[in-house]
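# Observations on the model geometry
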Amino acid sequence: MAHFAEIDNNNKVIRVVVACNQDIANNGGEQSQQAAKAFEKVLPLSENGVKWVQTSYNNNFRKQYAGNGMYYDENKDKFLLPQPYPSWTLDLNDDWKAPVPRPNIFTKPNSDELIVLPIKWDETNQRWLSDNGQYVWNTLTNSWDLV
């Protein structure tokens, strides 16, 4: 099965649909503009759609499978997640990274007990917190401190 993402005028993905592989093969093949235009005749664009772009369910091309709310970067020919926070930047793999690396230690201070709650990014203070806000990641000691 082939898949196409409908893109709006801001390059945002507004829906992803399934297409027939044979239709793709008969109209220019994988990732071709010709196949995308032919698919538009099979399934017309919605009111906000401006074009169809093929996406790979197995992440074989265009970085990753498109999903609603993602963006299509025409220059890179990739589907990208939206920027989670203003301070985050894309790395060389086009993945969003925080200005402070995500901790990989999940134990409480002075303990071997795991912090079982998820962690979250605190954009205002540019730091990582335990989801309940009880602990803050200390970049100098590479450990969690009680708030």
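To be clear, the structure that these remarks concern was listed above.
Residues numbered from 1 in each chain as written. Predicted model: local features only at pLDDT ≥ 70, side-chain atom pairs only at ≥ 80, totals over all residues. Heavy atoms only, no water.

## A look at the packing of aromatic side chains
As enumerated under the stated definition, the model contains nine aromatic pairs in all. Judged by centre distance (4.6 Å) and plane angle (10°), the rings of F4 and F39 are stacked. Taken together, the positions of F4 in strand 1 (residues 2-8) and F39 in helix 2 (residues 33-42) put the pair 35 residues apart, joining distant regions of the chain. You can call F4 buried: its relative accessible area is 0%. Judged by its relative accessible area of 7%, F39 falls in the buried class. Consider the rings of Y72 and F79, whose centres lie 5.2 Å apart with planes at 50°: the pair is tilted. The pair formed by Y72 and F79 is uniform in burial state, with each residue classed as buried. Members of the aromatic cluster, joined through ring pairs, are Y85, W88, W121 and W128. (Phe/Tyr/Trp six-rings, centres within 6.5 Å; stacked < 30°, edge-to-face > 60°. Helix = DSSP H or I, 4+ residues; strand = E, 2+ residues; numbered from the N terminus. Buried < 20%, exposed > 50% of the residue type's maximum accessible area, 1.4 Å probe, protein only.)

## Quick look at the side chain of D122
Structurally, D122 can be placed in strand 8 (residues 119-122). Ignoring any residue separated from it by four or fewer positions in sequence, one finds D122 in contact with R127 and L129. (Contact = heavy atoms within 4.5 Å.)

## Things to note about the pairing of strand 10 (residues 135-138)
Burial of the side chains of strand 10 extends over both faces: Y135 and W137 are buried on one face and V136 and N138 on the other. Counting the residues that bridge the hairpin from strand 10 to strand 11 (residues 143-146) gives four residues, and of these N142 lies at a positive phi of roughly 50°. (Pairing = 2+ DSSP bridges.)

Shape is all these values report; function is a separate question.
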